[in-house]
Amino acid sequence: MTYTPTDYLPYDFANRRHIGPSPAEMEDMFAVLGVRDLDQLIDETVPASIRQVEPLDFGKPKSERELLWHMAQVAKKNKVLTSLIGQGYHGTVTPPAIQRNILENPAWYTAYTPYQPEISQGRLEALLNYQTMVSDLTGLEIANASLLDEGTACAEAMTMAQRVAKSKANAFFVDENCHPQNIAVIRTRAKPLGIEVIVGAPDDLDASKVFGAIFQYPGTHGHLRDFTDEIAALHAAGAVGVVSADPLALCLLKEPGAMGADIAVGSTQRFGVPMGYGGPHAAYMATKQQYARSMPGRLVGVSIDSHGNRAYRLSLQTREQHIRREKATSNVCTAQALLAVMASFYAVFHGPEGLRAIAQRIHRKTVRLARGLEAAGFKVEPKEFFDTITVDVGLLQQGVLLSAVREGVNLRRVGETKVGITLDELTRPATIEAVWRAFGIILEDKDFTPDYRLPDGLLRQSAYLTHPIFHMNRAETEMMRYMRRLADRDLALDRAMIPLGSCTMKLNSAAEMMPVTWPEFGQLHPFVPADQAEGYAELIGDLSQKLCDITGYAAISMQPNSGAQGEYAGLLTIAAWHEAQGNGHRNVCLIPTSAHGTNPASAQMVGWKVVPVKSTENGDIDLEDFRAKAEQYAETLAGCMITYPSTHGVFEETVKEVCDITHAHGGQVYIDGANMNAMVGLARPGDLGGDVSHLNLHKTFCIPHGGGGPGMGPIGVKPHLVPHLPGHPETGGTEGPVSSAPFGSPSLLPISWAYCLMMGGEGLTQATRVAILNANYIARRLEGAYKVLYRGKQGRVAHECIIDTRPFAESAGVTVDDIAKRLIDNGFHAPTMSWPVAGTLMIEPTESETKAELDRFCTAMLAIREEIREIEEGKIDKANNPLKNAPHTMEDLVRDWDRPYSREQGCFPPGAFRVDKYWPPVNRVDNVWGDRNLTCTCPPMEAYADAAE
Ligand SMILES: *Cc1c(COP(=O)(O)O)cnc(C)c1O
């Protein structure tokens, strides 16, 4: 046989993995667009004046196998010791079934935030389980579906307390027993808002001087205390009581609700979510029903669908920033949905008995450890504790810490003379003996009968997790099927394109995801000594350098845990710089009306005054209005926040002018980097004139969306701002931290790093170019049927396009909602609805989608247009038609069919797969009913009967 060489490139080469359209498909697309090649399209789209000069060059891209080998070498530089440091982070066992079926399962991790409830019933149920779990454990009526981390949850609790307190005092009391990073994040948040933070012992609390107080439970050094009296005193003064509590401790201890607390916050990390060198994990917040409307974050609620069946949805605050902008209760957008789902399944897996047993065992082990230390003459504090003790070792501190490390154990340095030890689910007898040896104790009789050292008055009296969902048969077969059933109710990226404008729902490739669950990345405590995290240092250093090259900035802070947190961190950096320049009074921020709602919400959090700037007819920033406002506020201008390319999906030619005007009037420029997928390799925000930008690593850089988080929103800054980046009590810096951990959620970073390494500079640039190609292809195919709003000078859109559906309200009584719900029948997640312009759809296909999938989407959209036409022409009823009745369920198909269109048209419209048809589990969900009948914990079990059948 003769050997015939082939020029076919396997998928791992030439970035076929990430880039959807094949070379042949691209040729067809060029023909549709009337361009010779991609170069011509990009030249017509991206103005020459903003193009970057030097191409991105990261050397030869790595194949998947090279990447995984390289990643393994870097991972080995992280040393996995047993960390008994505590301070809010604990060893935990992720049940393998949860790791494999949730954390490593694209059906769960590629889902979007459940704004479209009909295609999100599975994750909404899991999140409702999470809320129920939190509500039960804390003894408070209502809980949200996660916040970013414990520190920010404490800070959110502070600002919420200020909103709801009757007291008009301006100070917030912080228990000195709070974890140091919680205190630090609270201080960062309080400063620009002018809130005075009083840190002290609970005994010194003067309730009349504060609008609220927060207590840590158990305290950071293990102390247990009943805060009932303090909270009663706060209430008497019209102030609010907050408890930051370890949810596992609450399985044994009196719950915050029973102490009268108004708000409880904390981290659910130790419910099966690896420490990950700091994150991601879900923080929780629970409160009284009366404060539901003041609570930040997302709240899952129970409602009904159009047939009166139970259906879940996000309630109340949903997308509230977009509506309330600078009056929003907080800027939390992306949260920690996937990690909340994991924690909720941990509770479902173990049930109340299991959780109680885990907590009891940890406590007994801690007692045993303490008795050994006491027998050898060490002084152990406190007398009563849950899982944390502190030992005064005097001059031996350094010696004990070092011997512990030699024994493979990290202990906590406390002050100058003490050592802290926190045990966890992973602690084995050998670990306890290793700790004893670190203290120089060789015990003959290691058998200390463990007793309890929990204060009698603090033993938990109430039941928790009584709902049947936490008592199901825990055979893994049953668990696996429950996870599968929920996943099957949802439409995620593993089934269909999610064309969400601004959200960049692109491929999260398997090779990128694999290192996330390696122990070398997952098992590190965020505060381990630096020499145990050299792999992370290398990863963070190299990724930061690449992000600097991509953005044109001088340094990156990895601390922010979401895009919105990046905005907040960036604005704080600007504010600190102004202050250092003697311009601390500058507090006006110009923000176009088309900005993402988190922009004004973040500006408000740094105490700035938001001045809106108009957009012109074509969607650009109104330069005249911008100039006029900049001049008007020249004395107090702090800066502006703009998005590039604009939220209208256009590369504005005037962006440099906008930056120049801002600088000329003493302001700094914040460029929201959520649209970086249209820029990587082609243009750099730093070159445009930006001083700071955040990058949504969970959009442009392949971290999956997780059904509403995790995310990472690192910021890049120009050289003059570098000294003012967020610091951290553990790692230094002049400014305060914005997150609990120094590098935010670092265990996600292997994903973005892997993406950069496997794409190379050229591949990343090609991804941008194809993202623009795909968007222009859709715009061209839909043109005529729909009006495509906003284009550049040469008629091109950037990486997304906006289509106008407003005329159909008049012509056919069809709303943007009807189209979004009808798309579910076609097997699609709707595009972004009504933002930045009400009544429109913003479509962003990303580079990852193939031409076939783009065509399927266009087929669906064109068929919907024809259905609208039938209504317009009076051929079909205005109230009873496929759009108004969408989405159609399998139930609809088998029920009596009394509709003026066929079952076929209703359930299998063009674009829908026949064999692999996605069936929504519910009909259209009633939003108003849900808000009027607010239920945010699991409904009684009878309600589940039909859903489970
Ligand atoms: C997604 C997005 C944000 C917010 O990012 P989160 O990670 O959800 O906080 C901000 N601005 C724009 C334009 C976005 O698209």
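Parameters and conventions
Residues numbered from 1 in each chain as written. Predicted model: local features only at pLDDT ≥ 70, side-chain atom pairs only at ≥ 80, totals over all residues. Heavy atoms only, no water. UniProt positions renumbered as here; feature names shortened; annotations may be inferred. Helix = DSSP H or I, 4+ residues; strand = E, 2+ residues; numbered from the N terminus. Phe/Tyr/Trp six-rings, centres within 6.5 Å; stacked < 30°, edge-to-face > 60°. Buried < 20%, exposed > 50% of the residue type's maximum accessible area, 1.4 Å probe, protein only. Pairing = 2+ DSSP bridges. Contact = heavy atoms within 4.5 Å. Axes fitted to C-alpha atoms, helices over the stretch in contact; angles between N-to-C directions. Salt bridge = Lys/Arg side-chain N within 4 Å of Asp/Glu carboxyl O. Parallel < 35°, antiparallel > 145°, perpendicular 65-115°, else oblique. Left-handed = near helix turned anticlockwise from the far one by under 90°. Nonpolar A, V, L, I, M, F, W, Y, C, P; charged D, E, K, R; others polar. Near = heavy atom within 4 Å. Polar contact = N/O pair within 3.5 Å; in protein donor to acceptor, adjacent residues only side chain to side chain.

**Quick word on the UniProt feature "domain: Glycine dehydrogenase C-terminal" (unreviewed entry) in the protein**
The sites that carry the UniProt feature "domain: Glycine dehydrogenase C-terminal" (unreviewed entry) are, in the present numbering, residues 767–888. In this annotation, residues 767–888 is assigned 44% helix and 11% strand; the end-to-end C-alpha distance for the span is 36 Å.

**A word on the packing of aromatic side chains**
If you walk through the whole model with that rule in mind, you get 20 aromatic pairs. With a centroid separation of 4.5 Å and 15° between ring planes, the pair formed by Phe215 and Phe227 is classed as stacked. Of this pair, Phe215 sits in strand β5 (residues 212–217) while Phe227 sits in the loop between β5 and α9 (228–236), and the two are 12 residues apart along the sequence. Residue class for Phe215 comes out buried when judged on its relative accessible area of 0%. Relative to Tyr755, the ring of Phe701 has its centre 6.2 Å away and its plane inclined at 80°; by these criteria the two rings are edge-to-face. Placement of the pair is Phe701 in the loop between β21 (692–694) and β22 (715–717) and Tyr755 in helix α23 (residues 749–782), with a sequence separation of 54 residues.

**What about the pairing of strand β15 (residues 418–422)?**
When you tally the buried positions in β15, you get four out of five residues, the bulk of the element. Sheet topology places strand β12 (residues 388–392) next to β15; five bridges connect them, and they run antiparallel. Considered in β15, the bridge of Ile389 is made with Ile421. Looking at chain direction, strand β14 (residues 412–414) and β15 are connected through three bridges and run antiparallel. Within the sheet, the bridge partner assigned to Arg413 lies in β15 and is Val419. Connecting β14 to the antiparallel partner β15 that follows it, the hairpin turn spans three residues, and Gly415 within it adopts a positive phi of roughly 60°.

**Structural notes on the sheet that holds strand β25 (residues 832–833)**
Strand order in the open sheet formed by four strands is β23-β24-β26-β25, with antiparallel pairing between adjacent strands. Edge positions in the sheet fall to β23 (787–789) and β25, since each of these pairs with one other strand and no more. Here β25 pairs with strand β26 (residues 840–843) via two bridges, running antiparallel. In the strand pairing of β26, Thr832 is matched with Met842. Contacts between α23 and the sheet are confined to β23, β24 (801–804) and β26, with β24 contributing the most and set at about 20° to the helix.

**Notes on unusual backbone geometry**
A cis amide bond links Glu381 with the next residue in sequence, Pro382, at an omega value of -15°. Along the chain, Pro382 falls in the loop between β11 (379–381) and β12. Non-glycine residue Ser502 carries a positive phi angle of around 75°. Of note, Ser502 is situated in the loop between α14 (476–488) and α15 (510–513). Taking the relative accessible area as the measure of exposure, Ser502 reaches 7% and is therefore buried.

**Concerning the pattern of salt bridges**
Evaluation of the coordinates by the stated rule reveals 47 salt bridges. Across the pair Arg796 and Glu44 runs a salt bridge whose closest N-O atoms are separated by 2.8 Å. With Arg796 in the loop between β23 and β24 and Glu44 in helix α2 (residues 38–45), the pair connects residues that are 752 residues apart, well separated along the chain. Assigned by exposure class, Arg796 and Glu44 land together as buried. Taking the shortest distance from any N to any O, the salt bridge between Glu407 and Arg437 comes out at 2.9 Å. On the criterion of sequence distance, the pair formed by Glu407 in the loop between α12 (397–406) and β13 (409–410) and Arg437 in helix α13 (residues 429–438) is long-range, its members being 30 residues apart. When salt bridges that share partners are traced, they join Asp203, Arg225 and Glu230 into one network.

**Description of the packing of helix α1 (residues 23–33) against α23**
Two numbers describe a pair of packed helices, the interaxial angle and the distance between the axes. Their axes nearest at 10 Å, the elements α1 and α23 cross at an angle of 50°. Considered as vectors, α1 and α23 are oriented oblique to each other. Considering the relative orientation of α1 and α23, their crossing is left-handed. For the pair α1 and α23, the contacting residues are Met26, Met29, Phe30, Val32 and Leu33 in the first and Gln766, Val770, Leu773, Asn774, Asn776, Tyr777 and Arg780 in the second. Residue composition of the contact of α1 with α23, grouped by class: eight nonpolar, three polar and one charged.

**Focus: the site of the ligand**
Every one of the 14 residues lining the ligand counts as a neighbour, but Thr334, Ser502, Gly563, Asp672 and Lys699 are closest to it. In this structure, Ala564 approaches the ligand through a main-chain N or O atom, which is 2.8 Å from an oxygen atom. Between an oxygen atom of the ligand and a side-chain N or O atom of Lys699, the distance comes to 2.8 Å. Counting residues per element, the shell around the ligand draws most heavily on helix α18 (residues 563–580), at three residues. Among the residues making up the shell around the ligand, the classes are represented as three nonpolar, eight polar and three charged.

**Regarding the sheet that holds strand β17 (residues 588–592)**
Reading across from one edge, β16-β22-β21-β20-β19-β17-β18 is the order of the seven strands in this open sheet, with mixed pairing throughout. Sheet topology places β16 (555–557) and β18 (609–613) at the edges, where each strand pairs with a single neighbour. On average, each strand axis in the sheet is inclined to that of its neighbour by 25°, with strand direction left out of account. Pairing between β21 and β22: three bridges, direction antiparallel. Opposite Ser693, over in β22, you have Gly716 as the bridge partner. Of the strands in this sheet, β19 (637–643), β20 (668–672), β21 and β22 touch α18, which is tilted by about 170° from β20. Along the sheet, helix α20 (residues 623–632) contacts β17, β18 and β19; its crossing angle with β18, the most-contacted strand, is approximately 150°.

**Focus on the UniProt feature "domain: Glycine cleavage system P-protein N-terminal" (unreviewed entry) in the protein**
When the UniProt feature table is mapped onto this chain, "domain: Glycine cleavage system P-protein N-terminal" (unreviewed entry) is found at residues 16–439 and 472–727. For residues 472–727, the helix share is 35%, the strand share is 12%, and the end-to-end C-alpha distance is 46 Å.

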